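Chain residues, written in single-letter form:
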Amino acid sequence: MSAGISIGGWGAVSAAGWGAGAMAEAVFAGKSLEIQALERALGDSIVSTPVLRVPTEGAPKGRFPRLRRASPISKFACAAAFEALGELRLAAIATGEIRVGVIFTLLNGCVNYSNRFFGEVLADPALASPILFPETVFNAPSSHLSATFGSAAANDTLIGDGAGFFTGLDLAIEWIERDDVDGCLVVAAEEIDWLSAEGLCLHSRKFVPSEGAGAVFLERGAGPVTVLRLPDSVPFSACSRHEAAAIFRERMAAEDDGQTLLIDSRAGVRRNDLPEVAAWADWAGPRISPKLVLGEALGAAAAMQVVLAAEVLKSGRCRRVVAVATGGNQQAAGILLGGMVATASG
């Protein structure tokens, strides 16, 4: 990765509320968020799954008719993206002054509309609404994003695991360095559905499924947050999750000065967390685990980690932040970020 890439803006939607500030406040205060019951009928009984949902209060009012019928994942993504871009960039994109690409990363995708559409298909194929089908595909949210702020630049959707957002960042930097775009918005979002929530809890009842989105805007030159190091991820294709986490720790080679913040992906589930616990066991600096507050947001979780890192650096609490994630079935990955005065060597 070449030098000179920064994060010029960021945004988030989470179970803590709408906005990066609300999410950061909840995580650093260790707040207990309201757990709701997601229920469905199964014969004569009710299956109930505890989840963390994005609150309806504070949601942006309908600015774009296109989003009126969109699924929650698209609305979360647009809210986070608009916060990351800000009004000035949005105006510049609309007039064609800057080319802003979109890279969307996810794991589950548009599960709400998929549930509704295939439910109708199973009930009566002749009456299944074709209006719902476009909202079931994985690239629907990224399409909504580019359309809502008028971007004609490159747009791509990557399907991965909980560490997939870092692959999106890597691709965004490649686009910028090739001059395919002037800047790139990298977004990850997820929405809750009974099938995915129950599927997650089959791994452990200690998981608390959640939803939301995180977005960062990458560009050339100086910015409030500097990308210091984005090592190649370590895939699980040639090694175990434990080995991948350990190899990535070595690959990251982050200086542990006792003051650099580590934002990890531990979720409070011992079997799931062990690779990261072992790999970073000797870390001397401060450490936080956002999932313990925000729940397991799957593909969106790593994006929230990076947004939290940006919030920390903006506040001046730390000069450097490492954000790492050991995915469920694909890779271990992460990033080293610094404030405007930080450099890779000191």
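Up top is the structure.
A quick note: this is a predicted structure, and the numbers were derived from the prediction, not measured.

Analysis parameters
- Residues numbered from 1 in each chain as written.
- Predicted model: local features only at pLDDT ≥ 70, side-chain atom pairs only at ≥ 80, totals over all residues.
- Heavy atoms only, no water.
- Helix = DSSP H or I, 4+ residues; strand = E, 2+ residues; numbered from the N terminus.
- Rg over C-alpha atoms; globule rule 2.2 N^0.38 Å.
- Contact = heavy atoms within 4.5 Å.
- Areas by Shrake-Rupley, 256 points an atom, 1.4 Å probe, with all protein chains shown as cover.
- Axes fitted to C-alpha atoms, helices over the stretch in contact; angles between N-to-C directions.
- Parallel < 35°, antiparallel > 145°, perpendicular 65-115°, else oblique.
- Left-handed = near helix turned anticlockwise from the far one by under 90°.
- 1 Å grid on protein atoms, 1.4 Å probe; cavity = no way out; pocket = protein on both sides within 12 Å on 5 of 7 lines; lining within 4 Å.
- Points joined across faces, edges and corners; volume = space filled by probe spheres on them.
- Nonpolar A, V, L, I, M, F, W, Y, C, P; charged D, E, K, R; others polar.

Draft legend 1. Region of the structure containing the overall build of the chain. Of regular secondary structure, the chain possesses ten helices and 14 strands. In terms of overall dimensions, the chain is globule-like: its C-alpha atoms have a radius of gyration of 19 Å, near the 20 Å expected for 346 residues. Partitioning the intrachain contacts of the chain with sequence separation of at least 6 by distance along the chain shows that 77% fall at a separation of at least 24. Total accessible area computed for the chain in this model is approximately 14900 Å², and 55% of it derives from carbon and sulfur atoms.

Draft legend 2. Geometry of the packing of helix α7 (residues 241–252) against helix α8 (residues 270–279). In the contact formed by α7 and α8, the axes pass within 8 Å of each other and the chain directions differ by 30°. The orientation of α7 relative to α8 falls into the category roughly parallel. In the crossing of α7 with α8, the sense of the turn from one axis to the other is right-handed. On α8, the residues touching Arg 241, His 242, Ala 245, Ala 246 and Arg 249 of α7 are Arg 271, Asn 272, Leu 274, Pro 275, Glu 276 and Ala 279.

Draft legend 3. Region of interest: empty space enclosed by the protein. Applying the stated rule across the entire model yields three cavities of 30 Å³ or more. Its boundaries defined by the atoms lining it, the largest cavity holds a volume of some 70 Å³. Of all the elements, helix α6 (residues 194–203) adds the most residues to the lining of the largest cavity, at three residues. Residues belonging to the lining of the largest cavity are distributed by class as follows: five nonpolar, three polar and four charged. Empty space within the second largest cavity amounts to approximately 40 Å³. Around the second largest cavity sit Ala 245, Phe 248, Arg 249, Glu 276, Trp 280, Val 324, Ala 325, Thr 326, Ala 332 and Ala 333, which together line it. Looking at the lining of the second largest cavity, the elements with two or more residues in it are α7, β13 (320–326) and β14 (331–339). Tallied by class, the residues present in the lining of the second largest cavity amount to seven nonpolar, one polar and two charged.

No statement about biological role is implied by the geometric values presented.
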